[in-house]
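Descriptive analysis of the structure
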Amino acid sequence: MNGLLLKNHNQYYSFFRETFNKISTLSTEYNWLISGIECYPVKAEYQKLFSSRYVWISGERLLEILQDEDIQWIWGVFSGFEKNVTLQQILVSKVPFADGNKSFWQLQLKIEHPLATIEIAAWDSSCSLFISSNDATIREFSKLYPLAIDLEQYNQKANKVLTKESGRTDIR
């Protein structure tokens, strides 16, 4: 599993129009479960849509929305699923969330939803996380955001600091 942390790109970390525009496979190869949503779209149609506990949406429709309005996401997890995975299959497992979720900061990276192949998380609008089981997708993110840092290495360094400060060796 590979991941990137975007927190040094520019002042906007959780606007995803550019991401979906430049990495075309995100809209063509995946359907998306967006959950744990906090965002403030201008258009009433999108306010209503994203006020739900979760949104199940095709990649093509998500791209249309983002092209129409570049929404800033405060919190949220975009879980990408291959087109053959159904919402019924997805809802058997817990719906992903970002706010308060410590799993993004663990030493071993994992996608929160077991059927997803990619996750993009908006973290308090202060950073974005990209986690994928597909190395090519991570390389595309890395090219698009050259200042993004390896999330696993970031977590290892943060864990060493916590371990050193606490005197414990088992912090996860």
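Data block above holds the structure.
This report concerns the structure included in the present document. (Residues numbered from 1 in each chain as written. Predicted model: local features only at pLDDT ≥ 70, side-chain atom pairs only at ≥ 80, totals over all residues. Heavy atoms only, no water.)

**Quick word on the overall build of the chain**
Helices and strands together make up the secondary structure of the chain, namely seven helices and seven strands. Sequence-ordered secondary structure for the chain, helices as α and strands as β, is β-α-α-β-α-β-α-β-α-β-β-α-β-α. The contacts of the chain with a sequence gap of at least 6 include a subset with a gap of at least 24, amounting to 69%. As presented, the chain carries roughly 9,000 Å² of accessible surface, and 49% of it is formed by carbon and sulfur atoms. (Helix = DSSP H or I, 4+ residues; strand = E, 2+ residues; numbered from the N terminus. Contact = heavy atoms within 4.5 Å. Areas by Shrake-Rupley, 256 points an atom, 1.4 Å probe, with all protein chains shown as cover.)

**Looking at the pattern of salt bridges**
Summed over the entire model, instances satisfying the criterion amount to five salt bridges. Measuring nitrogen to oxygen at the nearest pair gives 3.8 Å for the salt bridge that ties Lys-22 to Glu-18. Taken together, the residues span about one helical turn, with Lys-22 and Glu-18 both in helix α1 (residues 17-22) at a distance of four residues. Using a relative accessible area of 55% as the deciding quantity, one classes Lys-22 as exposed. In this structure, Lys-83 and Glu-60 form a salt bridge, with 2.8 Å as the shortest nitrogen-oxygen distance. Taken together, the positions of Lys-83 in the loop between β4 (73-82) and α5 (87-90) and Glu-60 in helix α4 (residues 59-68) put the pair 23 residues apart, joining distant regions of the chain. A relative accessible area of 34% places Lys-83 in the partly exposed class. Taking the relative accessible area as the measure of exposure, Glu-60 reaches 36% and is therefore partly exposed. It is possible to trace a salt-bridge network through shared partners that takes in Glu-45, Arg-61 and Glu-64. (Salt bridge = Lys/Arg side-chain N within 4 Å of Asp/Glu carboxyl O. Buried < 20%, exposed > 50% of the residue type's maximum accessible area, 1.4 Å probe, protein only.)

**A closer look at the packing of aromatic side chains**
All chains considered together, the criterion is met by 13 aromatic pairs. The interplanar angle of 85° and the centroid separation of 6.2 Å between the aromatic rings of Phe-104 and Trp-123 together place this pair among those described as edge-to-face. With a gap of 19 residues between them, Phe-104 in the loop between α5 and β5 (118-123) and Trp-123 in strand β5 connect regions that are remote in the sequence. For Phe-104, a relative accessible area of 2% puts it in the buried group. Taking relative accessible area as the criterion, Trp-123 reaches 17% and is therefore assigned buried. Members of the aromatic cluster, connected to one another through ring pairs, are Phe-16, Phe-20, Tyr-30, Trp-32, Phe-50, Trp-73 and Phe-78. (Phe/Tyr/Trp six-rings, centres within 6.5 Å; stacked < 30°, edge-to-face > 60°.)

**What about the environment of Ser-35?**
Position of Ser-35 relative to the elements: it lies in strand β2 (residues 30-39). Residue class for Ser-35 comes out buried when judged on its relative accessible area of 0%. Leaving out residues up to four positions away in the same chain, Ser-35 has contacts with Arg-53, Tyr-54, Gly-76, Val-77, Val-95 and Pro-96. A distance of 2.6 Å separates the side chain of Ser-35 from the backbone oxygen of Pro-96, its partner in a polar contact. (Polar contact = N/O pair within 3.5 Å; in protein donor to acceptor, adjacent residues only side chain to side chain.)

**Considerations on the environment of Leu-5**
Structurally, Leu-5 is set in strand β1 (residues 2-6). Leu-5 sits 126 residues away from Ile-131 along the chain, and the two C-alpha atoms are 8.9 Å apart. In contact with Leu-5, not counting residues within four places along its chain, are Trp-105, Cys-127, Ser-128, Leu-129, Ala-148, Ile-149, Leu-151 and Tyr-154.

**Remarks on the pairing of β1**
Counted residue by residue, β1 has four buried out of five residues, so it is predominantly covered. Two strands pair when backbone bridges link them, and β1 and strand β6 (residues 127-132) are joined in this way by five bridges, in the antiparallel orientation. Across the sheet, the residue bridging to Leu-6 is Ser-128, located in β6. With two bridges connecting them, β1 and strand β7 (residues 149-150) associate as antiparallel partners. Along β7, the bridge assignment pairs Leu-4 with Asp-150. (Pairing = 2+ DSSP bridges.)

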